[in-house]
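Structural description and commentary
What follows is the residue order along each chain.
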Amino acid sequence: MSDEHRPVEDWATDYDIFDPDYVKEPGPVWDDLRQRCPIAHTKRWGGSFMATRYEDVQQLVRMTPELSSRSPTIVPPSPELREEMIAEVKAYGSENPPITADPPEHKPYKQLILPFFTPKATDSYRAFTEDLCNTLIDGLVDKGQCDAAAEYAQQIPPRVIARILGIDPARGAEFTEWTQGVLELGQTNPELRTKYRRIIRDFFAELVAHRRENPSDDVVSTLIAAEVEGEALSDHSIIGICNLLLVAGIDTTWSSIGAALWHFAGHPEDRRRMVREPDLFPTAIEELLRFYGPVMMGRRILEPVTIAGTELTPGEKLILNFPAANRDPEVFDRADEVVLDRERNRHVAFGIGIHRCAGSNLARMEMDVALRTWFERIPEFELSDPDAVTWAGGQVRGPRSIPVRY
Amino acid sequence: MRIRVDSEKCEGHNRCKALAAELFDLDDLGYASAVAEGVVPPGAEDQARLAVSNCPEFAIEIVED
């Protein structure tokens, strides 16, 4: 493991997505790679290629079956877990459909979950989210200082998704721990990843069994009653979908809310503008998603593909670096600046193509409510200790501690 | 001015609906289509252009007729 952490000498041939300086400020590396080596390569963390240009990312997402989503995590699991997962997929089908499914298996699963996340559906959780955010601020506003990541941003998504899944929002802290276990800390720690994957699947196995006996009108019951290609879903599939719905919206959305608050805490001009012009929030949120979009996705290269003059070799991973594509100066004017009122903004923060994030409307709603509520109650705030801000990186990048005073 | 949504390209990002609500309909899954056969009412041309230039899938185009 220590070898994976040796310093990077050339980012084009030896990048490290967990390098602490890169995690803190990846922009300069992305600019360098886009110009010098738009498809970079590394042997670290299982070996991967990384695409950083907007145009290339737009093409690559459409290349199936050469590029597979069967395991969209960038760092492969441990050999033991990998074998276990492959055996399960052989026996029962895709692990967490639709995110781990390729065409033609993908589409019916995507269509199964999309109705939960239309603008109308996600708006029905707006009042719950507003109450939640206000309750959180009630506990923070008189303190004069807090950790805007840990005490606010992090607290919101697990409770909202718990509410949608019909599970207890009061267990939000556990759901956060599980998500960090499989996605954040689990990326570089195979034991954690295996442990928390099991905890999550066991939790949902129990929940599915309970809902089979006691159906209601919640998401799990809907999945139990649903059919794909004329057949009821297996418990394996339902558990996998629930696992996806729980973890996919937690550290991602929390990273986006946190990055936005971090931005405003450090950019008083932008902060004052949002106080003056709250109607700008929808446009500003798109720009913050463009600039701080947290997620990169992986594909497994199954067949040789040539992109930007580079041949992608089967067996390795490909990183679709959506955040880097979002700062491509070929596509965005003033790409390296946050322009709150940017009008033309074709950003790809939620991915593109068939694997577009199913929860994008939910994430936007949560960001909108979280930021508006914060700004209404705490319009003046700043970083109290800029050096104490910490970031998590890898597949999902965002601030994990943001000390602010107000 | 008329607009057209390519249903093969639309992935349901809903950016068009957010920026130009009266020009687009969403189906039960969130995929977009143009209302009134894509005819843009006078005065809504800027909204139509905004929707076009914010679609991450390049799924909307303006058809001048």
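The following paragraphs examine the structure supplied in this document. (Residues numbered from 1 in each chain as written. Chains lettered and ligands numbered in written order. Predicted model: local features only at pLDDT ≥ 70, side-chain atom pairs only at ≥ 80, totals over all residues. Heavy atoms only, no water.)

**Concerning the overall build of chain B**
- Looking only at helices and strands, chain B has two helices and four strands in total.
- Tracing chain B from N to C terminus, the helices and strands come up as β-α-β-β-α-β.
- Since a compact globule built from 65 residues should have a radius of gyration of about 11 Å, the 10 Å found for chain B is in line with a globular shape.
- The principal-axis extents of the C-alpha atoms in chain B amount to approximately 30 × 20 × 20 Å.
- A burial count over chain B gives 46% of its 65 residues as buried.
- The contacts in chain B between residues at least 6 apart in sequence include a share of 61% that link residues at least 24 apart. (Helix = DSSP H or I, 4+ residues; strand = E, 2+ residues; numbered from the N terminus. Rg over C-alpha atoms; globule rule 2.2 N^0.38 Å. Buried < 20%, exposed > 50% of the residue type's maximum accessible area, 1.4 Å probe, protein only. Contact = heavy atoms within 4.5 Å.)

**Regarding the sheet that holds strand S14 (residues 403-405) of chain A**
Residues and elements named next belong to chain A.
- Pairing in this open sheet of three strands is antiparallel, and the strands run S4-S14-S11 from one edge to the other. The open sheet is flanked by strand S4 (145-147) and strand S11 (382-383), the only strands paired with a single partner.
- Summarising the sheet, S11 and S14 pair through two bridges and their orientation is antiparallel. Its bridge partner being in S14, glutamate 382 is matched across the sheet by arginine 405. (Pairing = 2+ DSSP bridges.)

**Here we look at the packing of aromatic side chains**
Residues and elements named next belong to chain A.
- In the structure shown here, the tally under the stated rule is 18 aromatic pairs over all chains.
- Residues phenylalanine 291 and tyrosine 292 carry aromatic rings whose centres are separated by 5.0 Å and whose planes lie at 80 degrees to one another, so their mutual orientation is edge-to-face.
- Three or more aromatic residues joined by ring pairs form one cluster here, namely Tyr152, Phe264, Phe281, Trp374, Phe375, Phe381 and Tyr406.
- Between arginine 327 and the ring centre of phenylalanine 291, over which it is positioned, the NZ or CZ distance is 3.7 Å.
- Here the guanidinium or amino end of arginine 397 rests over the ring plane of tryptophan 391, the centre of that ring lying 4.3 Å away. (Phe/Tyr/Trp six-rings, centres within 6.5 Å; stacked < 30°, edge-to-face > 60°. Lys NZ or Arg CZ within 6 Å of the ring centre and 35° of its normal.)

**Examining the sheet that holds strand S3 (residues 67-68) of chain A**
Residues and elements named next belong to chain A.
- Sheet architecture is open: five strands sit in the order S1-S2-S10-S7-S3, paired in mixed fashion. Lying at the two open borders of the sheet, with one neighbouring strand each, are strand S1 (39-42) and S3.
- As paired strands, strand S7 (residues 297-301) and strand S10 (residues 317-320) are joined by four bridges and run antiparallel to one another. The partner of glycine 298 across the bridge, within S10, is isoleucine 319.

**Notes on the side chain of Glu95(A)**
All names here are of chain A.
- Looking at the secondary structure, you find glutamate 95 in the loop between helix H5 (79-92) and helix H6 (106-113).
- A polar atom in the side chain of glutamate 95 sits 2.9 Å from the side chain of arginine 197.
- Each residue touching glutamate 95, except ones within four places of it in the same chain, is listed here: Met85, Glu88, Val89, Thr100, Arg197, Arg201, His236 and Gly240. (Polar contact = N/O pair within 3.5 Å; in protein donor to acceptor, adjacent residues only side chain to side chain.)

**Details of the packing of H6(A) against helix H14 (residues 235-248) of chain A**
All names here are of chain A.
- Put simply, H6 and H14 touch, their axes get as near as 12 Å, and they point 60 degrees apart. Taken together, the axes of H6 and H14 lie oblique to each other. When the axes of H6 and H14 are compared, the crossing they make is right-handed. In this structure, H6 contributes Tyr109, Leu112 and Ile113 to the contact, and H14 contributes Ser237, Ile241 and Leu245.
- Residue composition of the contact of H6 with H14, by class: five nonpolar, one polar and no charged. (Axes fitted to C-alpha atoms, helices over the stretch in contact; angles between N-to-C directions. Parallel < 35°, antiparallel > 145°, perpendicular 65-115°, else oblique. Left-handed = near helix turned anticlockwise from the far one by under 90°. Nonpolar A, V, L, I, M, F, W, Y, C, P; charged D, E, K, R; others polar.)

**Some words on the nonpolar core**
All names here are of chain A.
- The biggest cluster of nonpolar side chains holds 107 residues, and the ones touching the most others in it are Tyr152, Phe204 and Trp374.
- Looking at this core element by element, the count peaks at nine residues for helix H19 (residues 360-377).
- Within the second largest apolar cluster, 24 residues are counted, among which are Val57, Val61, Ile307 and Ile352. (Core = buried A, V, L, I, M, F, W, Y, C linked by side-chain atoms within 4.5 Å.)

**Points about the interface of chain A and chain B**
- Chain A puts 22 residues into the contact, and the matching count from chain B is 18 residues.
- Each partner contributes to the roughly 1,700 Å² buried at the junction of chain A and chain B, and carbon and sulfur atoms together form 49% of this total.
- Ionic pairing is found between Arg62(A) and Glu57(B), a salt bridge with its closest N-O pair at 3.0 Å.
- Applying the counting criterion to the chain A and chain B interface returns 10 residue pairs in polar contact (both at pLDDT 80 or more).
- Elements that contribute at least two residues to the side of chain A that touches chain B include exactly helix H4 (54-60) and H19 of chain A.
- The residue makeup of the side of chain A that touches chain B, split by class, is seven nonpolar, eight polar and seven charged. (Buried area = accessible area lost by both parts, 1.4 Å probe. Salt bridge = Lys/Arg side-chain N within 4 Å of Asp/Glu carboxyl O.)

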